[in-house]
Amino acid sequence: MRSIPLIIWLFVSWQAEDLLWLALGATVGIIISFLFIRRTSSATISKTSDDLPENAANSAIEPVAPRVLLAAMMTSLREGMIVVNEEMRIVGSNPAANLIFSHVELPLEGKRLTELTRNLSVHQAFEVAFKNGERNEINIETRGDDKRTFDLRIAPLRFESENETRTAIGIFYDISELDRLEKVRQEFLSNVSHELRTPLTAILAFVETLEDGAINDAENNLRFLTVIRKNAERMHRLINDTLELSAIEAGKITVEPTEINLASLVTDIADNLAAKAEAAGIQIINQVPVEATVFADLDRLEQMLTNLIDNAIKFNRPNGSVTINYCSNGERDCIKVADTGEGILPEHAERIFERFYRVDRARTTREVGGTGLGLAIVKHLARLHGGEASVASEANKGSTFTIELPKKKTAI
Ligand code: ADP
(Lines give C-alpha, C1' and ligand atoms only; values in the text may rest on other atoms or scores of the structure.)
Protein backbone atom coordinates (compact mmCIF):
# COMPACT_ATOMS: atom_id res chain seq x y z
CA MET A 1 0.00 0.00 0.00
CA ARG A 2 2.84 2.40 0.87
CA SER A 3 4.20 2.13 -2.72
CA ILE A 4 0.97 3.60 -4.24
CA PRO A 5 1.98 7.30 -3.76
CA LEU A 6 5.34 6.52 -5.30
CA ILE A 7 3.72 4.91 -8.34
CA ILE A 8 1.39 7.93 -8.74
CA TRP A 9 4.36 10.30 -8.45
CA LEU A 10 6.39 8.33 -10.99
CA PHE A 11 3.45 8.17 -13.37
CA VAL A 12 2.81 11.96 -13.23
CA SER A 13 6.52 12.68 -13.61
CA TRP A 14 6.86 10.27 -16.53
CA GLN A 15 3.99 12.07 -18.34
CA ALA A 16 5.96 15.31 -18.11
CA GLU A 17 7.74 16.23 -21.31
CA ASP A 18 9.82 19.14 -20.19
CA LEU A 19 11.37 20.37 -16.98
CA LEU A 20 8.44 22.59 -15.94
CA TRP A 21 6.04 19.73 -16.23
CA LEU A 22 8.46 17.56 -14.50
CA ALA A 23 8.59 19.99 -11.57
CA LEU A 24 4.81 20.34 -11.51
CA GLY A 25 4.36 16.63 -11.84
CA ALA A 26 6.74 16.07 -9.00
CA THR A 27 4.92 18.64 -6.83
CA VAL A 28 1.53 17.07 -7.50
CA GLY A 29 3.02 13.68 -6.82
CA ILE A 30 4.43 14.86 -3.51
CA ILE A 31 1.12 16.47 -2.45
CA ILE A 32 -0.80 13.32 -3.33
CA SER A 33 1.74 11.22 -1.48
CA PHE A 34 1.56 13.50 1.56
CA LEU A 35 -2.24 13.38 1.71
CA PHE A 36 -2.24 9.64 1.18
CA ILE A 37 0.28 9.00 3.91
CA ARG A 38 -1.59 11.28 6.36
CA ARG A 39 -4.82 9.43 5.72
CA THR A 40 -3.34 6.01 6.12
CA SER A 41 -1.40 6.92 9.23
CA SER A 42 -4.36 8.59 10.96
CA ALA A 43 -6.34 5.48 10.15
CA THR A 44 -3.61 3.42 11.74
CA ILE A 45 -3.61 5.60 14.83
CA SER A 46 -7.37 5.53 15.28
CA LYS A 47 -7.36 1.78 14.73
CA THR A 48 -4.77 1.42 17.43
CA SER A 49 -6.80 3.41 19.94
CA ASP A 50 -9.92 1.49 18.99
CA ASP A 51 -8.09 -1.69 19.82
CA LEU A 52 -7.50 -0.65 23.41
CA PRO A 53 -9.74 -2.22 26.04
CA GLU A 54 -12.37 0.21 27.23
CA ASN A 55 -11.33 0.38 30.84
CA ALA A 56 -7.59 0.72 30.11
CA ALA A 57 -7.54 4.49 29.79
CA ASN A 58 -9.33 5.04 33.05
CA SER A 59 -7.72 2.29 35.09
CA ALA A 60 -6.01 3.79 38.19
CA ILE A 61 -2.53 2.47 39.14
CA GLU A 62 -2.72 0.48 42.35
CA PRO A 63 -0.32 2.09 44.87
CA VAL A 64 2.18 -0.32 46.39
CA ALA A 65 1.48 -0.79 50.07
CA PRO A 66 4.17 1.01 52.18
CA ARG A 67 4.83 -2.23 54.05
CA VAL A 68 5.56 -4.11 50.78
CA LEU A 69 7.74 -1.25 49.56
CA LEU A 70 9.67 -1.15 52.83
CA ALA A 71 10.18 -4.93 52.84
CA ALA A 72 11.47 -4.82 49.25
CA MET A 73 13.85 -1.98 50.09
CA MET A 74 15.19 -3.69 53.18
CA THR A 75 15.76 -6.94 51.32
CA SER A 76 17.62 -5.32 48.45
CA LEU A 77 19.70 -3.02 50.68
CA ARG A 78 23.41 -3.86 50.53
CA GLU A 79 23.96 -2.31 53.94
CA GLY A 80 23.20 -4.38 57.01
CA MET A 81 20.33 -3.00 59.09
CA ILE A 82 19.16 -3.87 62.58
CA VAL A 83 16.41 -2.32 64.69
CA VAL A 84 17.03 -2.49 68.44
CA ASN A 85 14.56 -1.76 71.26
CA GLU A 86 15.31 -0.13 74.60
CA GLU A 87 15.92 -3.52 76.19
CA MET A 88 18.73 -3.91 73.66
CA ARG A 89 16.93 -6.69 71.81
CA ILE A 90 16.78 -7.01 68.05
CA VAL A 91 13.28 -6.33 66.73
CA GLY A 92 14.10 -6.07 63.03
CA SER A 93 16.87 -6.92 60.57
CA ASN A 94 17.50 -7.42 56.87
CA PRO A 95 19.33 -10.19 54.93
CA ALA A 96 22.55 -8.11 54.72
CA ALA A 97 22.64 -7.94 58.53
CA ASN A 98 22.20 -11.73 58.68
CA LEU A 99 25.39 -12.02 56.63
CA ILE A 100 27.33 -9.63 58.87
CA PHE A 101 26.28 -11.60 61.96
CA SER A 102 26.55 -14.99 60.24
CA HIS A 103 27.99 -16.52 63.44
CA VAL A 104 24.60 -16.02 65.14
CA GLU A 105 21.74 -18.46 64.65
CA LEU A 106 18.83 -17.01 62.67
CA PRO A 107 16.47 -15.28 63.15
CA LEU A 108 18.23 -12.31 64.70
CA GLU A 109 14.89 -10.97 65.94
CA GLY A 110 14.47 -11.59 69.68
CA LYS A 111 18.21 -11.97 70.30
CA ARG A 112 20.07 -9.62 72.64
CA LEU A 113 22.48 -7.16 71.03
CA THR A 114 25.27 -8.77 73.13
CA GLU A 115 24.67 -12.05 71.29
CA LEU A 116 25.39 -10.29 67.99
CA THR A 117 28.40 -8.28 69.07
CA ARG A 118 30.51 -7.80 72.19
CA ASN A 119 31.80 -4.51 70.88
CA LEU A 120 31.18 -2.02 73.70
CA SER A 121 31.07 1.02 71.46
CA VAL A 122 28.14 -0.45 69.48
CA HIS A 123 26.14 -0.79 72.74
CA GLN A 124 27.10 2.70 73.85
CA ALA A 125 26.10 4.15 70.50
CA PHE A 126 22.59 2.63 70.79
CA GLU A 127 22.34 3.86 74.39
CA VAL A 128 23.14 7.42 73.30
CA ALA A 129 20.40 7.17 70.67
CA PHE A 130 17.86 6.18 73.35
CA LYS A 131 19.06 8.53 76.08
CA ASN A 132 19.56 11.72 74.10
CA GLY A 133 17.38 10.89 71.13
CA GLU A 134 20.35 11.76 68.94
CA ARG A 135 21.86 10.19 65.86
CA ASN A 136 25.44 9.07 66.16
CA GLU A 137 28.12 7.36 64.12
CA ILE A 138 31.06 5.08 64.94
CA ASN A 139 33.66 3.04 63.08
CA ILE A 140 33.98 -0.60 64.01
CA GLU A 141 36.33 -3.36 62.93
CA THR A 142 35.40 -7.02 62.97
CA ARG A 143 37.81 -9.59 64.34
CA GLY A 144 38.90 -12.87 62.82
CA ASP A 145 40.39 -13.75 59.45
CA ASP A 146 37.95 -11.80 57.30
CA LYS A 147 38.58 -8.41 58.91
CA ARG A 148 36.09 -5.80 57.85
CA THR A 149 35.53 -2.19 58.74
CA PHE A 150 32.06 -0.69 59.10
CA ASP A 151 30.78 2.82 59.47
CA LEU A 152 27.82 2.26 61.80
CA ARG A 153 25.15 4.98 61.83
CA ILE A 154 22.50 4.86 64.51
CA ALA A 155 19.31 6.90 64.62
CA PRO A 156 16.37 6.81 67.05
CA LEU A 157 13.06 6.07 65.35
CA ARG A 158 10.07 8.40 65.70
CA PHE A 159 7.28 7.26 67.98
CA GLU A 160 3.59 7.77 67.38
CA SER A 161 2.65 7.67 71.07
CA GLU A 162 4.40 7.81 74.44
CA ASN A 163 3.56 4.19 75.38
CA GLU A 164 5.11 2.79 72.24
CA THR A 165 8.35 0.84 72.67
CA ARG A 166 11.27 3.01 71.74
CA THR A 167 13.54 1.66 69.01
CA ALA A 168 16.63 2.75 67.15
CA ILE A 169 17.91 1.71 63.77
CA GLY A 170 21.56 0.88 63.04
CA ILE A 171 22.90 0.77 59.47
CA PHE A 172 26.25 -0.90 58.80
CA TYR A 173 28.10 0.57 55.81
CA ASP A 174 30.96 -1.69 54.75
CA ILE A 175 33.93 0.65 54.26
CA SER A 176 36.63 -2.06 54.21
CA GLU A 177 37.67 -1.31 50.63
CA LEU A 178 37.74 2.47 51.20
CA ASP A 179 39.71 1.90 54.36
CA ARG A 180 42.18 -0.34 52.54
CA LEU A 181 42.68 2.21 49.77
CA GLU A 182 43.21 4.96 52.32
CA LYS A 183 45.85 2.84 54.08
CA VAL A 184 47.58 2.11 50.75
CA ARG A 185 47.58 5.84 49.93
CA GLN A 186 49.04 6.77 53.32
CA GLU A 187 51.66 4.05 53.12
CA PHE A 188 52.59 5.14 49.61
CA LEU A 189 52.94 8.79 50.65
CA SER A 190 55.06 7.93 53.66
CA ASN A 191 57.26 5.63 51.53
CA VAL A 192 57.77 8.28 48.86
CA SER A 193 58.64 10.93 51.46
CA HIS A 194 61.03 8.55 53.17
CA GLU A 195 62.71 7.57 49.89
CA LEU A 196 63.10 11.21 48.87
CA ARG A 197 64.37 12.30 52.26
CA THR A 198 67.42 9.99 52.20
CA PRO A 199 69.09 11.38 49.04
CA LEU A 200 67.95 14.90 49.89
CA THR A 201 69.65 14.72 53.30
CA ALA A 202 72.86 13.56 51.62
CA ILE A 203 72.69 16.39 49.07
CA LEU A 204 72.16 19.02 51.80
CA ALA A 205 74.99 17.62 53.93
CA PHE A 206 77.49 17.66 51.05
CA VAL A 207 76.45 21.13 49.90
CA GLU A 208 76.99 22.40 53.46
CA THR A 209 80.42 20.75 53.59
CA LEU A 210 81.40 22.43 50.33
CA GLU A 211 80.09 25.77 51.59
CA ASP A 212 82.07 25.37 54.81
CA GLY A 213 85.34 25.35 52.85
CA ALA A 214 85.56 21.96 51.17
CA ILE A 215 85.04 23.73 47.86
CA ASN A 216 88.71 24.71 48.06
CA ASP A 217 89.77 21.20 49.00
CA ALA A 218 91.19 20.16 45.64
CA GLU A 219 91.41 16.53 46.68
CA ASN A 220 87.77 16.06 47.69
CA ASN A 221 85.58 18.74 46.11
CA LEU A 222 84.96 16.78 42.90
CA ARG A 223 84.18 13.63 44.87
CA PHE A 224 81.59 15.55 46.92
CA LEU A 225 80.00 16.90 43.75
CA THR A 226 79.79 13.37 42.36
CA VAL A 227 77.95 12.24 45.50
CA ILE A 228 75.54 15.14 45.10
CA ARG A 229 74.92 14.30 41.44
CA LYS A 230 74.34 10.60 42.22
CA ASN A 231 71.79 11.43 44.91
CA ALA A 232 70.05 13.96 42.67
CA GLU A 233 69.89 11.28 39.95
CA ARG A 234 68.35 8.88 42.42
CA MET A 235 65.68 11.41 43.31
CA HIS A 236 65.05 11.91 39.62
CA ARG A 237 64.67 8.15 39.05
CA LEU A 238 62.37 7.87 42.02
CA ILE A 239 60.09 10.64 40.81
CA ASN A 240 60.02 9.19 37.28
CA ASP A 241 59.24 5.69 38.54
CA THR A 242 56.53 7.00 40.87
CA LEU A 243 54.88 8.95 38.07
CA GLU A 244 55.16 5.96 35.75
CA LEU A 245 53.59 3.63 38.27
CA SER A 246 50.72 6.04 39.02
CA ALA A 247 50.08 6.47 35.30
CA ILE A 248 49.90 2.68 34.82
CA GLU A 249 47.66 2.23 37.86
CA ALA A 250 45.38 5.07 36.74
CA GLY A 251 44.95 3.28 33.39
CA LYS A 252 46.61 6.13 31.49
CA ILE A 253 49.09 3.83 29.78
CA THR A 254 47.96 1.58 26.98
CA VAL A 255 49.94 -1.10 25.21
CA GLU A 256 50.03 -1.70 21.47
CA PRO A 257 51.25 -5.26 20.95
CA THR A 258 53.00 -6.26 17.75
CA GLU A 259 54.94 -9.38 16.83
CA ILE A 260 58.50 -8.98 18.11
CA ASN A 261 61.60 -11.03 17.43
CA LEU A 262 62.70 -11.76 20.98
CA ALA A 263 66.31 -12.80 20.31
CA SER A 264 67.23 -9.53 18.60
CA LEU A 265 65.48 -7.45 21.30
CA VAL A 266 67.46 -9.29 24.00
CA THR A 267 70.70 -8.68 22.04
CA ASP A 268 69.94 -4.93 21.92
CA ILE A 269 69.22 -4.80 25.67
CA ALA A 270 72.37 -6.82 26.45
CA ASP A 271 74.40 -4.36 24.36
CA ASN A 272 72.95 -1.43 26.30
CA LEU A 273 73.81 -3.07 29.62
CA ALA A 274 77.18 -4.48 28.50
CA ALA A 275 79.29 -1.82 30.24
CA LYS A 276 77.45 -2.33 33.53
CA ALA A 277 77.70 -6.12 33.28
CA GLU A 278 81.41 -5.93 32.49
CA ALA A 279 82.07 -3.62 35.43
CA ALA A 280 80.37 -6.16 37.71
CA GLY A 281 82.11 -9.12 36.06
CA ILE A 282 78.81 -10.62 34.87
CA GLN A 283 78.27 -12.48 31.62
CA ILE A 284 74.97 -12.03 29.76
CA ILE A 285 73.92 -15.16 27.85
CA ASN A 286 71.15 -14.87 25.25
CA GLN A 287 69.65 -18.34 24.75
CA VAL A 288 66.49 -17.22 23.00
CA PRO A 289 65.98 -19.19 19.74
CA VAL A 290 66.44 -16.88 16.75
CA GLU A 291 62.97 -17.62 15.40
CA ALA A 292 61.11 -16.99 18.70
CA THR A 293 58.55 -14.20 18.56
CA VAL A 294 56.33 -12.71 21.25
CA PHE A 295 53.28 -10.48 20.97
CA ALA A 296 53.90 -7.34 23.02
CA ASP A 297 54.34 -3.58 23.02
CA LEU A 298 57.97 -3.13 21.94
CA ASP A 299 58.86 -0.22 24.25
CA ARG A 300 57.13 -1.76 27.26
CA LEU A 301 58.71 -5.19 26.73
CA GLU A 302 62.11 -3.54 26.45
CA GLN A 303 61.40 -1.66 29.70
CA MET A 304 60.40 -4.87 31.51
CA LEU A 305 63.38 -6.89 30.29
CA THR A 306 65.86 -4.07 30.93
CA ASN A 307 64.59 -3.91 34.48
CA LEU A 308 64.90 -7.66 35.07
CA ILE A 309 68.33 -7.98 33.42
CA ASP A 310 69.59 -4.88 35.26
CA ASN A 311 68.45 -6.43 38.58
CA ALA A 312 70.02 -9.77 37.63
CA ILE A 313 73.35 -7.95 37.17
CA LYS A 314 72.96 -5.89 40.38
CA PHE A 315 72.03 -8.78 42.63
CA ASN A 316 74.47 -11.30 41.18
CA ARG A 317 77.81 -12.53 42.54
CA PRO A 318 81.21 -11.72 41.00
CA ASN A 319 81.85 -13.72 37.82
CA GLY A 320 78.22 -14.77 37.75
CA SER A 321 75.94 -14.87 34.72
CA VAL A 322 72.51 -13.83 33.52
CA THR A 323 70.74 -16.15 31.09
CA ILE A 324 67.70 -15.14 29.05
CA ASN A 325 65.49 -17.85 27.65
CA TYR A 326 62.18 -18.33 25.88
CA CYS A 327 59.50 -20.98 26.35
CA SER A 328 56.04 -21.61 25.04
CA ASN A 329 53.47 -22.53 27.61
CA GLY A 330 50.07 -23.41 26.11
CA GLU A 331 48.35 -20.14 25.27
CA ARG A 332 51.23 -18.06 26.58
CA ASP A 333 54.80 -17.24 25.66
CA CYS A 334 57.23 -16.92 28.52
CA ILE A 335 60.53 -15.11 28.84
CA LYS A 336 62.90 -16.18 31.60
CA VAL A 337 65.72 -14.14 33.12
CA ALA A 338 67.87 -16.35 35.35
CA ASP A 339 70.80 -15.18 37.48
CA THR A 340 73.42 -16.84 39.63
CA GLY A 341 72.99 -14.49 42.60
CA GLU A 342 72.29 -15.21 46.23
CA GLY A 343 68.61 -15.93 45.58
CA ILE A 344 65.53 -14.66 47.39
CA LEU A 345 64.03 -16.31 50.45
CA PRO A 346 60.40 -17.42 50.03
CA GLU A 347 59.08 -14.84 52.55
CA HIS A 348 60.63 -12.05 50.44
CA ALA A 349 59.82 -13.62 47.07
CA GLU A 350 56.10 -13.16 47.79
CA ARG A 351 56.57 -9.45 48.36
CA ILE A 352 59.26 -8.15 46.03
CA PHE A 353 56.69 -7.10 43.41
CA GLU A 354 55.18 -4.69 45.95
CA ARG A 355 56.15 -1.05 45.63
CA PHE A 356 59.23 -0.05 47.63
CA TYR A 357 59.78 -3.57 48.93
CA ARG A 358 63.48 -4.42 49.16
CA VAL A 359 65.07 -7.46 50.70
CA ASP A 360 67.97 -5.53 52.17
CA ARG A 361 66.88 -1.90 52.18
CA ALA A 362 70.12 -0.47 53.54
CA ARG A 363 72.33 -2.37 51.10
CA THR A 364 70.11 -1.78 48.08
CA THR A 365 69.94 1.98 48.49
CA ARG A 366 73.57 2.35 49.54
CA GLU A 367 75.24 0.10 47.00
CA VAL A 368 72.99 -0.25 44.02
CA GLY A 369 70.87 2.90 44.30
CA GLY A 370 67.54 1.26 43.41
CA THR A 371 64.13 2.84 43.88
CA GLY A 372 62.28 -0.32 44.91
CA LEU A 373 59.67 0.37 42.20
CA GLY A 374 61.19 -1.52 39.26
CA LEU A 375 59.51 -4.88 39.86
CA ALA A 376 56.16 -3.25 40.68
CA ILE A 377 56.32 -1.58 37.25
CA VAL A 378 57.26 -4.89 35.59
CA LYS A 379 54.30 -6.65 37.20
CA HIS A 380 51.86 -3.92 36.19
CA LEU A 381 53.13 -3.82 32.61
CA ALA A 382 52.92 -7.61 32.29
CA ARG A 383 49.31 -7.48 33.54
CA LEU A 384 48.53 -4.65 31.13
CA HIS A 385 49.42 -7.13 28.36
CA GLY A 386 47.07 -9.69 29.92
CA GLY A 387 50.06 -11.61 31.27
CA GLU A 388 51.88 -12.00 34.57
CA ALA A 389 55.31 -11.64 36.16
CA SER A 390 56.64 -14.06 38.77
CA VAL A 391 59.82 -15.30 40.43
CA ALA A 392 61.24 -18.66 41.46
CA SER A 393 64.34 -18.72 43.58
CA GLU A 394 66.68 -21.03 45.41
CA ALA A 395 68.94 -19.74 48.18
CA ASN A 396 72.59 -19.39 47.08
CA LYS A 397 71.77 -20.66 43.58
CA GLY A 398 70.01 -17.68 42.06
CA SER A 399 66.62 -16.48 40.92
CA THR A 400 64.60 -16.87 37.76
CA PHE A 401 62.13 -14.13 36.86
CA THR A 402 59.44 -15.03 34.32
CA ILE A 403 57.25 -12.79 32.21
CA GLU A 404 54.27 -14.55 30.69
CA LEU A 405 52.52 -12.96 27.72
CA PRO A 406 49.41 -14.15 25.87
CA LYS A 407 50.13 -15.37 22.35
CA LYS A 408 48.72 -13.47 19.41
CA LYS A 409 45.21 -14.69 18.64
CA THR A 410 44.98 -16.06 15.13
CA ALA A 411 41.70 -15.93 13.18
CA ILE A 412 39.96 -19.30 12.98
P1 ADP B 1 65.26 -1.92 43.15
O2 ADP B 1 66.06 -2.85 42.31
O3 ADP B 1 65.20 -0.56 42.60
O4 ADP B 1 65.58 -1.97 44.61
P5 ADP B 1 63.07 -3.58 42.36
O6 ADP B 1 61.61 -3.38 42.50
O7 ADP B 1 63.61 -3.78 40.98
O8 ADP B 1 63.74 -2.37 43.07
O9 ADP B 1 63.48 -4.83 43.26
C10 ADP B 1 62.99 -4.92 44.56
C11 ADP B 1 63.89 -5.77 45.41
O12 ADP B 1 63.83 -7.13 45.00
C13 ADP B 1 65.36 -5.42 45.32
O14 ADP B 1 65.68 -4.36 46.20
C15 ADP B 1 66.03 -6.71 45.74
O16 ADP B 1 66.02 -6.80 47.16
C17 ADP B 1 65.08 -7.76 45.21
N18 ADP B 1 65.53 -8.30 43.91
C19 ADP B 1 65.16 -7.90 42.68
N20 ADP B 1 65.73 -8.62 41.71
C21 ADP B 1 66.54 -9.51 42.34
C22 ADP B 1 67.41 -10.56 41.89
N23 ADP B 1 67.58 -10.83 40.61
N24 ADP B 1 68.04 -11.29 42.85
C25 ADP B 1 67.88 -11.03 44.17
N26 ADP B 1 67.07 -10.06 44.65
C27 ADP B 1 66.40 -9.32 43.76
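Refer to the structure presented above.
These figures come from a predicted structure and were not determined experimentally. (Residues numbered from 1 in each chain as written. Predicted model: local features only at pLDDT ≥ 70, side-chain atom pairs only at ≥ 80, totals over all residues. Heavy atoms only, no water.)

What to know about the state of the cysteines
Under the definition given, this model contains 1 disulfide. Disulfide pairing places Cys327 opposite Cys334 at an S-S distance of 2.0 Å. Handedness here is read from the sign of the S-S torsion; for Cys327 and Cys334, about -95 degrees, the answer is left-handed. Residue class for Cys327 comes out partly exposed when judged on its relative accessible area of 24%. (Disulfide = S-S within 2.5 Å. Buried < 20%, exposed > 50% of the residue type's maximum accessible area, 1.4 Å probe, protein only.)

So, the packing of aromatic side chains
As enumerated under the stated definition, the model contains 5 aromatic pairs in all. Where Phe188 meets Phe356, the ring centres are 5.9 Å apart and the plane angle is 40 degrees; that geometry is what we call tilted. Separated by 168 residues along the polypeptide, Phe188 in helix H7 (residues 176–211) and Phe356 in the loop between helix H11 (346–349) and helix H12 (361–368) bring together distant segments of the chain. The burial state of Phe188 is the same as that of Phe356; both residues are buried. In this structure an aromatic cluster arises from ring pairing among Phe101, Phe150 and Phe172. Lying over the aromatic face of Tyr173, Arg153 brings its terminal NZ or CZ to 5.3 Å of the ring centre. (Phe/Tyr/Trp six-rings, centres within 6.5 Å; stacked < 30°, edge-to-face > 60°. Helix = DSSP H or I, 4+ residues; strand = E, 2+ residues; numbered from the N terminus. Lys NZ or Arg CZ within 6 Å of the ring centre and 35° of its normal.)

Examining the site of the ligand
If you check the shell around the ligand, you find 19 residues, and the closest are Asn311, Asp339, Arg358, Thr371 and Leu375. In this structure, an oxygen atom belonging to the ligand sits 3.0 Å away from a side-chain N or O atom of Lys314. When isolated, the ligand has an accessible area of 530 Å², and the protein chains bury 96% of it. Put simply, the parts of the chain that give the shell around the ligand at least two residues each are helix H10 (298–314), helix H13 (374–384) and strand S12 (398–406). For the shell around the ligand, the leading source of residues is H10, giving 3 residues. Looking at the shell around the ligand, its residues break down into 9 nonpolar, 7 polar and 3 charged. (Near = heavy atom within 4 Å. Polar contact = N/O pair within 3.5 Å; in protein donor to acceptor, adjacent residues only side chain to side chain. Areas by Shrake-Rupley, 256 points an atom, 1.4 Å probe, with all protein chains shown as cover. Nonpolar A, V, L, I, M, F, W, Y, C, P; charged D, E, K, R; others polar.)

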